[in-house]
Amino acid sequence: MEFSRSLLVLVFIVSLACIMLSEADVYSPQYGIENQDILPSKLTSLNISNVFYGIMFDAGSTGTRIHIYSFIHKDPEPPQLDSEIFESVKPGLSAYVDDPEQVQELFEDSPFLVPDDCVSIMNGTYEGILAWLTINILTGHLYGASENTVGILDLGGASTQITFLPQAKSTLHAAPEEYISSFEMFNKSYKLYTHSYLGFGLKVARLAVLGALDAKVSESRRYRSSCLPQSLKAEWKFGGVNYKFGGMKEVPSSFQSCYTEVTKVIQKKLDQQDEIKSRSFYAFSYYYDRAVDTGMIDGEKGGVIFVKDFEMKALEVCKDLNEAATGSPFLCMDLTYITALLKEGFGFYDNTELQLTKKVNNIETSWALGAAFHLIQSLKTTP
């Protein structure tokens, strides 16, 4: 189906790790740099040669996000992140579908260090590892001897990811072999449990609940669910296909009936590990968005919630579903799906704590920072 094509996210990595600027160069008009905020805040006490930059382009189908990081390095310590500049623009790569050579030309003309393998298509597993690196770097868990790292949960439109560092050997033995990924960072080896479940993202799950995922789309057919208002008749376009959907007149809309539908989509289809029930996790993307949409957390600051809070909010929203005049008609279904995904899918307890945030120490919690650190290490170790 067409929606699967949107999973291909192009990642451009441009590293300036080999470029060292003098103070005179940084302020020189020939570089057109007038905003001194781009300079690391700690430069007053450091030699400029200890400072370098990394630029990451997260190039998606609908928009491109750029992260400009400044780092400070003092041997033999690992590089320290100093600051980030973040911007996003539209349109995305889809605008160049008829002329992809334009993108290549931009990088060929770049004055920066552009490694040969800097352009790649990121798969879900690698994205999960890099996102885990980002959050554990920002929270300070990777700089010490502590193994008390945090896990991450990401819920996109087409897929969902889980990544954590197992503390129990039983997890490493019980997990499917392909779920364990090894890598090195800061002169230390890690074995992560990480997996991306394609087809279990929020928007694809809607199609699965409606019974439209593998069905032949017909202009006259309307897909129905008890997760939707009984009298609802609407249309939704996803992956280039227009779907007609609505409620079920014979089944009253409720959380219980919706949960039964949703559970059929999830049950026994995801790997469960007992260890995660007692671990701390950060959750992103639609976990965050739906919590904001329903007032569970502040849209700017984020917040800490429990798994059961999603269920309580789903009960509330689904109960008043037919009276709701505003908001997404999928809100009951989305919240119920998130609840079932966490409990029936991954096996979390009701009291498992989830940290929902978009920034830590004013830095975006994107996989891009983990990718920047990973690239810095690879450049350093390359002969």
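Owing to the predicted nature of the structure, the values given are computational and were not obtained by experimental measurement.

## Regarding the pattern of salt bridges
Enumeration over the complete set of coordinates arrives at ten salt bridges. With its nearest N and O atoms 2.7 Å apart, the salt bridge here joins Arg290 to Asp293. Residue Arg290 and its partner Asp293 are located together in helix α7 (residues 286–293), separated by three residues, close to a single helical turn. A residue is classified by how much of its surface remains accessible, and Arg290, at 9% relative accessible area, is buried. Asp293 sits in the partly exposed class, given a relative accessible area of 48%. Here Asp334 makes a salt bridge to Arg290, at a shortest N to O gap of 3.0 Å. With Asp334 in helix α9 (residues 331–345) and Arg290 in helix α7, this residue pair connects regions lying 44 residues apart in the sequence. Across the pair, Arg290 and Asp334 agree in class, each one buried. Shared partners join several salt bridges into a network, and the residues in it are Arg206, Arg290, Asp293 and Asp334.

## As for the packing of aromatic side chains
Under the criterion given, the structure shown has 20 aromatic pairs. Between the aromatic rings of Tyr179 and Tyr197, the centroid separation amounts to 6.2 Å while the plane-to-plane angle is 85°, which identifies the pairing as edge-to-face. Linking Tyr179 in the loop between α4 (169–174) and β8 (180–185) with Tyr197 in strand β9 (residues 188–198), this pair joins segments that are 18 residues apart in sequence. The buried category is assigned to Tyr179, whose relative accessible area is 9%. An aromatic cluster is built from Phe164, Tyr179, Tyr193, Tyr197, Phe200, Phe281, Phe346 and Phe348, whose rings are joined through pairwise contacts. Above the ring of Trp236, the side-chain terminus of Arg206 is found at 5.2 Å from the ring centroid. Directly above the aromatic system of Phe306 lies the positively charged group of Lys308, at a separation of 5.8 Å from the ring centroid.

## Some thoughts on the packing of helix α8 (residues 307–319) against α9
Between α8 and α9, the shortest axis-to-axis distance is 9 Å and the interhelical angle comes to 150°. The orientation of α8 with respect to α9, classified from their angle, is roughly antiparallel. Of the two possible hands of crossing, α8 and α9 adopt the one that is left-handed. For the pair α8 and α9, the contacting residues are Val307, Phe310, Glu311, Lys313, Ala314, Val317 and Cys318 in the first and Leu331, Cys332, Leu335, Thr336, Ile338, Thr339, Leu342 and Lys343 in the second. Of the residues assigned to the contact of α8 with α9, the class counts are ten nonpolar, two polar and three charged.

## What to know about helix α5 (residues 202–210)
Among the nine residues in α5, seven count as buried, and that is most of the element. Here α5 has its buried residues at Leu202, Val204, Ala205, Arg206, Leu207, Val209 and Leu210. Downstream of α5 by one or two residues, Gly211 has phi in the positive range, about 80°.

## Side note on the state of the cysteines
Under the definition given, this model contains two disulfides. Two residues, Cys227 and Cys258, share a disulfide whose sulfurs are 2.0 Å apart. Across the disulfide from Cys227 to Cys258, rotation about the S-S bond amounts to roughly 100°, and the bridge is consequently right-handed. Of this pair, Cys227 sits in the loop between β10 (222–224) and β11 (233–238) while Cys258 sits in helix α6 (residues 255–266), and the two are 31 residues apart along the sequence. A single burial state applies to Cys227 and to Cys258, both of which are buried. Bridging Cys318 to Cys332, the disulfide has an S-S length of 1.9 Å. Negative torsions about the S-S bond denote left-handed disulfides, and the value of about 100° found for Cys318 with Cys332 makes this one right-handed. Here Cys318, found in helix α8, pairs with Cys332, found in helix α9; they are 14 residues apart in sequence, far enough to count as distant.

Rules behind the numbers
- Residues numbered from 1 in each chain as written.
- Predicted model: local features only at pLDDT ≥ 70, side-chain atom pairs only at ≥ 80, totals over all residues.
- Heavy atoms only, no water.
- Salt bridge = Lys/Arg side-chain N within 4 Å of Asp/Glu carboxyl O.
- Helix = DSSP H or I, 4+ residues; strand = E, 2+ residues; numbered from the N terminus.
- Buried < 20%, exposed > 50% of the residue type's maximum accessible area, 1.4 Å probe, protein only.
- Phe/Tyr/Trp six-rings, centres within 6.5 Å; stacked < 30°, edge-to-face > 60°.
- Lys NZ or Arg CZ within 6 Å of the ring centre and 35° of its normal.
- Axes fitted to C-alpha atoms, helices over the stretch in contact; angles between N-to-C directions.
- Parallel < 35°, antiparallel > 145°, perpendicular 65-115°, else oblique.
- Left-handed = near helix turned anticlockwise from the far one by under 90°.
- Contact = heavy atoms within 4.5 Å.
- Nonpolar A, V, L, I, M, F, W, Y, C, P; charged D, E, K, R; others polar.
- Disulfide = S-S within 2.5 Å.

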